[in-house]
Amino acid sequence: MIVPKYTREIPQRFRLEAEKCTKCGYIAFPPRLICPECGQKSFQMIQLQPEGKILTYTIIHVAADAFSTQTPFAVAIIETKEGARMTAQVVDCTLEKIETGKDVKLMLRCIQREGKAGILQYGYKAILSR
Amino acid sequence: MVGIVGYGSYIPVYRIKVEDIASQWGMDPQAVKKGLLVNEKTVPAMDEDTITISVQATKYALQRAQIDPQEIGAVYIGSESHPYAVKPSGTVLIDAIGIGPDVHVADFEFACKAGTEAMFVAYSHVKAGNMKYALGIGADTSQGAPGDALEYTASAGGSAFIMGSEKVIAEFEYTYSFTSDTGDFWRREGMKYPKHGGRFTGEPAYFHHVISSGKGILEKSGLKASDFAYAIFHMPNGKFPQKAGKILGFGKEQLEPGWVVPWMGNTYSGSSPTGLSATLDIAKPGDRILLVSFGSGAGSDSFVFKVTDEITSVQDRAPKFREMLDGHKIYLNYGEYLKHYDKIHMNE
């Protein structure tokens, strides 16, 4: 992830900023220029609640180099209360605790480090609600 | 009236027991635990650092304060484990929380008292009328070299305090600082771990500064130990704060709520601020609280707080510290602990 791209994505990765179509109510996360449901271009910015549920998940045993020390780890598709969907790591639990349908909270974590000298990239990860 | 309007703490879920560290280095686990009065310590997740800890503590502080983050005019994070050598931790925090960009941001360092420095400056801004609210944070993923005495206690966590002048929950009544050039503990530029002067860190450093600072604020305020409901002293281990409290005339019941080190370890810049947070969780209107920090190098900041009627309405708005400390935990073995602290040399 290059620095300009990371910086442009801060509103979504840090604050879960999404856009709601002013005509049909579709939630676009990340934001889009044109609504995929009704085709119009007018959106209202909303901030997603940092809560949702696990729709499905997988366990990564063989990861890309940047994540190799974290294996095995879980990546889930999370649906927020507003209906937006996103992929996120599920952390702070043993893997057997993760189940489809469980409620999660989204927290800011470091999502990637570019080696020993590169930029630190932060974003949301999911933890099981307790 | 100027004081704290919101507070919050955060600690990771990971722990390592002192006996697992002691066993690794051929030490007698019971002797180490008895010597330090520490049972286990918090360990950061591999994706946690001073920034993520500060962000979560701030979110809890905002839940309690119920203010618009855009009204916060300054953000100061005190830590000796800022993830960047050059790029302030506070820059990430303000964008994560939604503060600014018209905000003054700075990272502070002063060994274990960087957090109370941040609180002191945040308070001073509000008192001077420079801004409506200011945020002071103490957080660390503390460093301790493998095999060093610090490894038994250096832990992770932090606390955030929003200062303001409306709906104050704990008024700043008095402040006092005591500072000198004392080489008890340091980390040179580019070095991964701090070094320290062994027993020299005790009497000439911790106790000289903490007792002088404590006496200083008692003289300045005209108060005595019995005027306080609670007191918190920096917690490098379990024994030092208890001894310091006893010297200044405080009893165990006054120290107990803020004495969080036996199950958390020493979160360096987050240590005494988290003791304050744990104490605010159970404080009642009218209680006086003494906070005395210590930072090697060396210095000590003291504060006298008077808890107001507002405290009872904010205590349950966010997770309390003891709930986090006693709640969900994942214990690590020594190898996993090294991985979490990035202490293993890997191929690039």
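Each value, and the rule that gives it
- Every chain is numbered independently, its residues counted from 1 as its sequence is written.
- Starting at A for chains and at 1 for ligands, labels are handed out in the order in which the entities are written.
- Local features in a predicted model are, by the rule used here, given only for residues with pLDDT of at least 70; side-chain atom pairs are given and counted only at 80 or more, and totals for whole chains, interfaces and linings are based on all residues.
- Processing note: side-chain calculations cover all non-hydrogen atoms of the structure and skip hydrogens and water entirely.
- Only DSSP runs of H or I covering at least 4 residues are called helices, and only runs of E covering at least 2 are called strands; the numbering of each starts at the N terminus.
- Burial classes follow relative accessibility: with a 1.4 Å probe on protein chains only, a residue under 20% of its type's maximum area counts as buried, one over 50% as exposed, and anything between as partly exposed.
- By definition in these notes, contact holds between two residues if any of their heavy atoms fall within 4.5 Å.
- As used here, the term nonpolar core means buried Ala, Val, Leu, Ile, Met, Phe, Trp, Tyr and Cys residues forming a set that is joined through side-chain atoms within 4.5 Å.
- Note that the domain bounds reflect an automated or database-derived domain assignment.
- When DSSP finds two or more bridges between two strands, those strands count as paired.
- Put simply, buried area is the surface a 1.4 Å probe can reach on two separate parts but cannot reach once they are joined, added for both.
- A fitted line through C-alpha atoms serves as each axis, taken over the contacting stretch for helices, and the angle formed by two N-to-C directions is quoted from 0 to 180°.
- An angle counts as roughly parallel when it lies under 35 degrees, as roughly antiparallel when it exceeds 145, as roughly perpendicular when it falls between 65 and 115, and as oblique in every other case.
- By the definition used in this description, the sense in which the near helix is turned from the far one sets the handedness, with an anticlockwise turn below a right angle giving left-handed and a clockwise turn giving right-handed.
- In this classification, Asp, Glu, Lys and Arg are treated as charged, Ala, Val, Leu, Ile, Met, Phe, Trp, Tyr, Cys and Pro as nonpolar, and every other residue, Gly included, as polar.
- Between rings of Phe, Tyr and Trp, where Trp is taken as its six-membered ring, a pair exists when centres lie within 6.5 Å; planes separated by under 30 degrees are stacked, by over 60 edge-to-face, and by other angles tilted.
- Either the NZ atom of lysine or the CZ atom of arginine qualifies as a charge over a ring when it sits within 6 Å of the ring centre and within 35 degrees of the ring normal.
- To estimate how far a helix should extend, the number of its residues minus one is multiplied by 1.5 Å.
- Bend at a residue means the angle formed by two fitted axes: the first through the 7 residues ending at that position, the second through the 7 residues beginning there.
- Think of a salt bridge as a Lys or Arg side-chain nitrogen and an Asp or Glu carboxyl oxygen that are within 4 Å of each other.

Caption draft 1: Up close: the side chain of Ser272 of chain B. All names here are of chain B. Position of Ser272 relative to the elements: it lies in helix α10 (residues 271-280). Classification of Ser272 as buried rests on a relative accessible area of 0%. If we ignore the near neighbours within four places in the chain, the residues touching Ser272 are Thr116, Ile232, His234, Met235, Leu291, Val292 and Ser293.

Caption draft 2: Looking closely at the nonpolar core. All names here are of chain B. In this structure, Ile4, Leu276, Leu280 and Phe305 are the most contacted members of the largest nonpolar core, which totals 101 residues. For this core, the leading source of residues is helix α3 (residues 50-65), giving eight residues. Formed jointly, this core draws a minimum of three residues from each of two domains, domain 1 (3-169 + 318-340) and domain 2 (170-311). Filtering out sequence-adjacent residues up to four positions away, Leu280 remains in contact with Ile4, Tyr7, Phe161, Ala170, Ile289, Val307, Ile311 and Gln315.

Caption draft 3: Main features of the pairing of strand β6 (residues 133-141) of chain B. All names here are of chain B. Counting buried positions along β6 yields nine of nine residues, so the element is predominantly enclosed. Residue alternation in β6 divides its side chains into two sets, Tyr133, Leu135, Ile137, Ala139 and Thr141 and Ala134, Gly136, Gly138 and Asp140, and both sets are buried. When strand β4 (residues 72-78) meets β6, the two strands line up parallel, connected through six bridges. Bridging across to β6, Gly78 finds its partner in Gly138. Sheet topology places β6 next to strand β7 (residues 156-164); eight bridges connect them, and they run antiparallel. If you follow Ala139 over to β7, its bridge partner there is Gly158.

Caption draft 4: Geometry of the domain arrangement of chain B. Residues and elements named next belong to chain B. You can read the domains of chain B as domain 1 (3-169 + 318-340) and domain 2 (170-311). Once you take the C-alpha centre of each, domain 1 and domain 2 turn out to be 16 Å apart. The interface of domain 1 with domain 2 comprises 57 residues on the first partner and 55 residues on the second. Roughly 4400 Å² of surface becomes buried between domain 1 and domain 2 when both sides are summed, with 61% attributable to carbon and sulfur atoms. The largest contributions to the domain 1 side of the interface with domain 2 come from Leu37, Cys112 and Ile169, which together make up 14% of the buried area.

Caption draft 5: Local environment of unusual backbone geometry. Following Phe29 of chain A, the chain continues to Pro30 of chain A via a peptide bond in cis, the omega torsion being 0 degrees. The linkage connecting Thr71 of chain A with the following residue, Pro72 of chain A, adopts the cis geometry, with an omega of -10 degrees. With respect to the helices and strands, the residue Pro72 of chain A is situated in the loop between β4 (51-60) and β5 (73-80). You will see that Ala111 of chain B, though not glycine, has its phi angle at about 45 degrees, which is positive. Inspection of the secondary structure puts Ala111 of chain B in the loop between β5 (104-108) and α5 (114-128). By relative accessible area, which is 16% here, Ala111 of chain B ends up buried.

Caption draft 6: Molecular detail of the sheet that holds strand β3 (residues 40-43) of chain B. Residue and element names in this part refer to chain B. Ordered in space as β3-β2-β14, the three strands form an open sheet in which the pairing is mixed. Single-partner strands in this sheet number two, and they are β3 and β14 (330-331). Relative to β3, strand β2 (residues 14-17) runs antiparallel, the two sharing four bridges. Among the inter-strand pairings, Arg15 is bridged to a residue of β3, identified as Thr42.

Caption draft 7: Spotlight on the packing of helix α6 (residues 202-221) of chain B against helix α7 (residues 239-247) of chain B. Residue and element names in this part refer to chain B. Between α6 and α7, the shortest axis-to-axis distance is 10 Å and the interhelical angle comes to 50 degrees. Considering their axes alone, α6 and α7 lie oblique with respect to each other. In this structure, the crossing between α6 and α7 has a hand that is right-handed. Here α6 contributes Gly202, Glu203, Tyr206, Phe207, Val210 and Ile211 to the contact with α7, which in turn contributes Phe240, Pro241, Lys243, Ala244 and Ile247. Across the contact of α6 with α7, the residue classes break down as eight nonpolar, one polar and two charged.

Caption draft 8: Layout of the environment of Pro236 of chain B. Residues and elements named next belong to chain B. Within the fold, Pro236 resides in the loop between β11 (230-233) and α7. Residue Pro236 is classed as buried on the basis of its relative accessible area, which comes to 18%. Taking C-alpha positions, Pro236 is 8.3 Å from Thr267, a pair spaced 31 residues apart along the chain.

Caption draft 9: Local environment of the environment of Ile77 of chain A. All names here are of chain A. Here Ile77 shows up in strand β5. The spatial distance from the C-alpha of Ile77 to the C-alpha of Pro30 is 14 Å, given a sequence separation of 47 residues. Ile77 has contacts with Lys53, Ile54, Leu55, Thr56, Arg85, Met86 and Thr87, leaving out every residue within four places of it along the chain.

Caption draft 10: Spatial organisation of the packing of aromatic side chains. Residue and element names in this part refer to chain B. As enumerated under the stated definition, the model contains 19 aromatic pairs over all chains in all. On the basis of an interplanar angle of 85 degrees and a centroid distance of 6.1 Å, the ring pair of Phe185 and Tyr268 is categorised as edge-to-face. Taken together, the residues Phe185 in strand β9 (residues 185-186) and Tyr268 in the loop between α9 (261-264) and α10 connect sequence positions 83 residues apart. Their ring planes at 20 degrees and their centres at 5.9 Å tell us that Phe303 and Phe305 sit as a pair that is stacked. The same class applies to Phe303 and to Phe305, which are both buried. Three or more aromatic residues link up through ring pairs in this structure, and these residues are Phe120, Tyr123, Phe172, Phe303 and Phe305. Against the face of Phe110 rests Lys113, its NZ or CZ located 4.2 Å from the ring centre. Residue placement shows Lys243 over the ring face of Phe207; its charged tip is 4.8 Å from the ring centre.

Caption draft 11: Highlighting α6 of chain B. All names here are of chain B. The end-to-end C-alpha distance of α6 is 27 Å, a good match for the 28 Å that 20 residues give at a rise of 1.5 Å each. The largest bend along α6 measures about 30 degrees and falls at His208. By the criterion of burial, α6 is predominantly enclosed, with 14 of the 20 residues buried. Count one or two residues on from α6 and you reach Gly222, which has phi positive near 75 degrees.

Caption draft 12: Representation of the pattern of salt bridges within the structure. Taken as a whole and judged by the stated rule, the model has 24 salt bridges over all chains. Ionic pairing is found between Asp92 of chain A and Arg109 of chain A, a salt bridge with its closest N-O pair at 2.7 Å. Within this pair, whereas Asp92 of chain A is found in the loop between β6 (85-91) and β7 (103-113), its partner Arg109 of chain A is found in strand β7, the two being separated by 17 residues in sequence. For Asp92 of chain A, a relative accessible area of 4% puts it in the buried group. Given a relative accessible area of 1%, Arg109 of chain A falls into the buried group. Lys17 of chain B is paired through a salt bridge with Glu40 of chain B; the nearest N and O atoms lie 3.8 Å apart. Here Lys17 of chain B is found in strand β2, whereas its partner Glu40 of chain B is found in strand β3, with 23 residues between them in sequence. Judged by its relative accessible area of 29%, Lys17 of chain B falls in the partly exposed class. Owing to a relative accessible area of 1%, Glu40 of chain B belongs among the buried residues under this scheme.

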